[in-house]
Amino acid sequence: MEMKKRINLELRNRAPEKVTELVLDNCRSSNGEIEGLNDSFKELEFLSMANVELTSLAKLPTLSKLRKLELSDNIISGGLEVLAERCPNLTYLNLSGNKIKDLGTVEALQNLKNLKSLDLFNCEITNLEDYRDSIFELLQQITYLDGFDQEDNEAPDSEDDDDEEGDEGDDDEDEDEAGPPGEYEEEDDEDDGGSDLGEGEEEEEVGLSYLMKEEIQDEDDDDDYVEEGGDEEEEEGVRGEKRKRDPEDEGEEEDD
């Protein structure tokens, strides 16, 4: 697909001045030059034109808010001074896989005062002796070259940084919801009523209570039985006495 058609497709009926990101990777440029881009993309912050067979940046429009520019795997060999003129606020520039051979070509990037990260990986210039030291000395404003600083520390991924900040925010929210540590633990301890018995001890205590209740009930039953038996014996004794007295009573009545 040609670059101009690809731009129209990416816009999707949006106004150019509303676009902040534009990816045109793997499309075909016209005669090795940029086409379809113009100054109306004034809000553009990220532009990617990887592997589009670019040989020149002469037709790059003025993009004053552009911060990240991807130009990897093209055929660019010079003319980098255009970048400082048209995109003065660049902080990240990827020129890996192009035809850049010498330090004189890179020297044009000195005017990109905000440039922090430059990628020249797979360019012929990387074969020069003391390549890294020379670039850092030439472009003192940059922090990272080919993804590493002068102490070989890897450049952070901006997307990872955003994710970490988001995670920290989530952690803070979780802490706010949870309240001070130990608050709920103390409340739980108070609700327990001070019972320190384990499950086994609780079962044993319940069993003992049940047995004691049975013994007490048995004793009550025995007492009832004894009392009832005693009453029956007394009643029989009384009846016997009455039977013995009856004849005497009869004799006395006769004497009378």
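Above this text sits the structure in question.
Residues numbered from 1 in each chain as written. Predicted model: local features only at pLDDT ≥ 70, side-chain atom pairs only at ≥ 80, totals over all residues. Heavy atoms only, no water.

(A) Highlighting the overall build of the protein chain. Looking only at helices and strands, the protein chain features seven helices and six strands. Helices and strands appear in the protein chain in the N-to-C order α-β-β-β-α-β-α-β-α-β-α-α-α. The buried share among the 256 residues of the protein chain stands at 25%. Restricting to contacts in the protein chain with at least 6 residues of sequence separation, those with at least 24 account for 49%. (Helix = DSSP H or I, 4+ residues; strand = E, 2+ residues; numbered from the N terminus. Buried < 20%, exposed > 50% of the residue type's maximum accessible area, 1.4 Å probe, protein only. Contact = heavy atoms within 4.5 Å.)

(B) Here's a closer look at the nonpolar core. Counting 46 residues, the largest nonpolar core has Leu47, Met49, Leu83, Leu118, Leu120 and Ile135 as the members making the most contacts within it. Breaking this core down by element, the ones donating at least two residues are helix 1 (3-11), helix 2 (81-86) and helix 4 (131-138). Apart from the residues within four sequence positions on either side, isoleucine 135 is in contact with Leu103, Val106, Leu118, Leu120, Ile125, Ile142 and Leu145. (Core = buried A, V, L, I, M, F, W, Y, C linked by side-chain atoms within 4.5 Å.)

(C) Fine view of the pattern of salt bridges. One pass over the full model with this rule turns up three salt bridges. Residues glutamate 10 and arginine 6 are paired through a salt bridge, measuring 3.3 Å at the closest nitrogen-oxygen approach. With glutamate 10 and arginine 6 both in helix 1, this residue pair falls four residues apart, about one helical turn. The partly exposed category is assigned to glutamate 10, whose relative accessible area is 24%. We classify arginine 6 as buried; its relative accessible area is 18%. Lysine 59 is paired through a salt bridge with glutamate 33; the nearest N and O atoms lie 3.2 Å apart. Pair noted here: lysine 59 is in the loop between strand 2 (46-48) and strand 3 (68-70) and glutamate 33 is in the loop between strand 1 (21-23) and strand 2, with a separation of 26 residues, a long-range link. Residue classification places glutamate 33 among the partly exposed positions, given a relative accessible area of 24%. (Salt bridge = Lys/Arg side-chain N within 4 Å of Asp/Glu carboxyl O.)

(D) Molecular detail of unusual backbone geometry. Positive phi is not limited to glycine here, since asparagine 51 has a value of about 55°. At aspartate 152, a position not held by glycine, the phi torsion is positive, near 65°. Along the polypeptide, aspartate 152 turns up in the loop between strand 6 (144-145) and helix 5 (158-178). Note on aspartate 152: relative accessible area 54%, which makes it exposed.

(E) Summary view of a negative patch on the surface. Among the surface-exposed residues, Glu129, Asp130, Asp133 and Glu137 lie close enough to one another that they form a single negatively charged patch. When you line up the elements, aspartate 133 lands in helix 4. The class for aspartate 133 is exposed, based on a relative accessible area of 54%. (Patch = residues over 30% accessible without salt bridge, like charges linked within 9 Å, V, L, I, M, F, W, Y side chains within 5 Å. Areas by Shrake-Rupley, 256 points an atom, 1.4 Å probe, with all protein chains shown as cover. Lys, Arg positive; Asp, Glu negative; His and termini not counted. Charge placed at Lys NZ, Arg CZ, Asp CG, Glu CD.)

(F) Spatial organisation of the environment of glycine 36. Mapped onto the fold, glycine 36 is located in the loop between strand 1 and strand 2. You can call glycine 36 partly exposed: its relative accessible area is 31%. Every residue in contact with glycine 36, bar those within four places of it in the chain, is listed here: Lys4, Ile7 and Phe41.

(G) How the structure looks around helix 4. Here helix 4 has its buried residues at Tyr131, Ile135 and Phe136. Projected down its long axis, helix 4 shows its buried positions confined to an angular sector of 125°, all on one face. Pointing more than 90 degrees away from the buried face of helix 4 are the exposed residues Asp133 and Glu137. Where helix 4 is buried, its residues meet helix 3 (103-106), strand 5 (117-119) and strand 6. (Arc of directions from axis to C-beta.)

(H) Up close: the sheet that holds strand 1. Read across the open sheet, the six strands follow the order 1-2-3-4-5-6; overall the sheet is parallel. Both edges of this open sheet fall to strand 1 and strand 6, since each of them pairs with a single strand only. As paired strands, strand 1 and strand 2 are joined by three bridges and run parallel to one another. Paired with valine 23 across the bridge in strand 2 is serine 48. (Pairing = 2+ DSSP bridges.)

(I) Geometry of helix 1. All of the buried residues along helix 1 are Met3, Arg6, Ile7 and Leu11. Along the axis of helix 1, the buried residues cluster in a sector spanning 135°; they form a single face. Among the exposed residues of helix 1, those pointing more than 90 degrees away from its buried face are Lys5 and Asn8. As for helix 1, its buried residues are in contact with strand 1. In the stretch just after helix 1, arginine 12 is the one whose phi turns positive, near 50°.

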